[in-house]
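Residue-level structure breakdown
Each chain, written out:
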Amino acid sequence: MQRAALGLILMAALPVTGASAAGGVSPREIVKDAVYRTVDGRPLHLDIYTHPDTAKAPGPVLVHFHGGGWTGGARPQSWTGFRPYLAAGFSVVTVQYRLAGEAPAPAAVQDARCALHWIGANAARFGFDGRRIVVSGTSAGAHLALMAGLLPAANDIDAAECKNGPRAAAILDFYGPADLIAAREGSPGRHPTVANWIGKRSDPEAMERQMSPVGWLSADGPPIFIGHGDADPVVPVAQSIDLKRRLDALSVPSDLFVVRGGGHGKFDPASQAALTARAIIFLCARRIAAVSACDAKN
């Protein structure tokens, strides 16, 4: 991330859209504003869009975290941006989390982990297959998806009431920052967006390292799909290239789709459709998406 991005601070991007194979699938049930956690009297919500097939058997679920530089953005108001994932057999959950103005790091990561814990605890109620939970996000939301999926069961970050949540089956990282320390390279000081979220503390670099997904990579970590534009002015594609290199060194299954000429999300429809299709193929290869949807792609 370059200092020129001062005012753009990891802008929120819309959830992945535009795949042509969206089908005619609509949610079986929509639950808005379910409370998954209350912190200091403040309820945090998520929206749930269950796949029709969950009436017959548990299915995979996509858990989405919005972008916005940890300072802005909000859950999508509708499920329609996730049509390709519904068509691939997924239920969808979109998550609200505390922003920097309310609570600095690691609050947003704790919330993301608590959302994952709540989804595991309520899997039977909504027809989620707890072995097929995929965490996803755009920009800063992708950072949260990485942290939610990579943190081991034993860590000093999880809130006490949210420990021992389910393991993510896979992570979809769409142009997220993976190394917060590297974000300052080429700048005389700390990156302003990261510094704003980390907050004032005696040793901010220690928190930046703790909040960097690359520090939590392991050989037994979940598979990771990465999508990034090679002209991204906010989060340089070098972040994703380095993440892929590290995953390859650990032999963790991964894929990197680079959108040629793509900026910070908001890709042209054809590129977005190709990116989404590649992500779903990645999930099919891991036997996470619905078998019927994967067979249709072969």
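Cut-offs and rules
- Residues numbered from 1 in each chain as written.
- Predicted model: local features only at pLDDT ≥ 70, side-chain atom pairs only at ≥ 80, totals over all residues.
- Heavy atoms only, no water.
- Disulfide = S-S within 2.5 Å.
- Helix = DSSP H or I, 4+ residues; strand = E, 2+ residues; numbered from the N terminus.
- Buried < 20%, exposed > 50% of the residue type's maximum accessible area, 1.4 Å probe, protein only.
- pLDDT = per-residue confidence, 0-100.
- Contact = heavy atoms within 4.5 Å.
- Axes fitted to C-alpha atoms, helices over the stretch in contact; angles between N-to-C directions.
- Parallel < 35°, antiparallel > 145°, perpendicular 65-115°, else oblique.
- Left-handed = near helix turned anticlockwise from the far one by under 90°.
- Nonpolar A, V, L, I, M, F, W, Y, C, P; charged D, E, K, R; others polar.
- Pairing = 2+ DSSP bridges.
- Core = buried A, V, L, I, M, F, W, Y, C linked by side-chain atoms within 4.5 Å.
- Expected span 1.5 Å × (residues − 1).
- Polar contact = N/O pair within 3.5 Å; in protein donor to acceptor, adjacent residues only side chain to side chain.

A short note on the state of the cysteines
Evaluated as defined, the whole model comprises two disulfides. Here C114 is linked by a disulfide to C162, with a sulfur-sulfur distance of 2.0 Å. Because the sign of the S-S torsion sets the handedness, a value of about 100 degrees for the bond joining C114 and C162 places this disulfide among the right-handed ones. Of the two residues, C114 sits in helix α2 (residues 107-121) while C162 sits in the loop between α4 (140-150) and β6 (170-174), which places them 48 residues apart along the sequence. Side by side, C114 and C162 carry an identical accessibility label, which is buried. At a sulfur-sulfur separation of 2.1 Å, the disulfide partner of C284 is C294. Looking along the S-S bond of the C284-C294 disulfide, the torsion reads about -90 degrees, which is the left-handed sense. Here C284, found in helix α8 (residues 269-285), pairs with C294, found in helix α9 (residues 291-297); they are 10 residues apart in sequence, far enough to count as distant. Note on accessibility: C284 and C294 belong to one class, buried. What links to what in the protein chain: the bonded cysteines, counted in sequence order, pair as 1-2, 3-4.

Things to note about the confidence of the model for the protein chain
A low pLDDT means the predicted coordinates there should not be read in detail. For the protein chain, per-residue confidence averages 90 on the pLDDT scale, and residues scoring 70 or more make up 89% of the total. In this model residues 1-22 is a low-confidence stretch, pLDDT under 50, and it forms 70 contacts with partners more than four residues away in sequence or in other chains.

What about the packing of α2 against α4?
For the pair α2 and α4, interaxial distance at closest approach is 9 Å and the crossing angle is 60 degrees. Judged by the angle between their axes, α2 and α4 are oblique. Considering the relative orientation of α2 and α4, their crossing is right-handed. Counting all contacts with α2, which are made through A108, V109, A112, R113 and L116, the residues of α4 involved are H143, L144, M147 and A148. Within the contact of α2 with α4, the residues separate by chemical class into seven nonpolar, one polar and one charged.

Comments concerning the pairing of strand β4 (residues 91-95)
In terms of burial, β4 is a largely internal element, five of the five residues being buried. Burial along β4 is two-sided: S91, V93 and V95 facing one way and V92 and T94 facing the other are all buried. Two strands pair when backbone bridges link them, and strand β2 (residues 42-50) and β4 are joined in this way by four bridges, in the antiparallel orientation. Across the sheet, residue I48 finds its bridge partner in β4, namely V93. As paired strands, strand β3 (residues 59-65) and β4 are joined by five bridges and run parallel to one another. Pairing of V61 across the sheet is with S91, part of β4.

Quick notes on the nonpolar core
A general trend in soluble globular proteins is that nonpolar side chains are found buried together. Among the nonpolar cores identified, the biggest contains 58 residues, and Y36, I48, F65, W197 and M211 are the most heavily contacted of them. The greatest single-element share of this core, amounting to eight residues, is contributed by α2. With near-sequence residues (within four places) excluded, F65 lies in contact with V95, Y97, A112, V135, S136, G137, T138, G141, L144 and A145. Grouped together as the second largest cluster of nonpolar side chains are 30 residues, F225, F267, A279 and A290 included.

Digging into α2
Helix length check: α2, at 15 residues, gives a terminal C-alpha distance of 21 Å against a target of 21 Å (1.5 Å per residue), a fit within 8%. For α2, a buried count of 12 out of 15 residues is recorded, marking the element as mostly surrounded by other parts of the structure. Every buried residue of α2 is accounted for by A107, A108, V109, Q110, D111, A112, R113, C114, A115, L116, W118 and I119.

Details of the side chain of Q110
Structurally, Q110 can be placed in helix α2. Given a relative accessible area of 19%, Q110 falls into the buried group. At a separation of 2.9 Å, a polar atom in the side chain of Q110 contacts the main-chain carbonyl oxygen of I157. Excluding residues that lie within four positions of it along the chain, Q110 makes contacts with R37, R98, I157 and A159.

A word on α8
Counted at 1.5 Å a residue, the expected span for α8 with its 17 residues is 24 Å, and the 24 Å between its end C-alpha atoms agrees. Here α8 has its buried residues at S271, Q272, A273, L275, T276, A279, I280, F282, L283 and C284. One side-chain oxygen of the residue at the start of α8 lies 3.2 Å from the amide nitrogen of A270, identifying that residue as D268. A positive phi of about 60 degrees marks R287, the residue just after α8.

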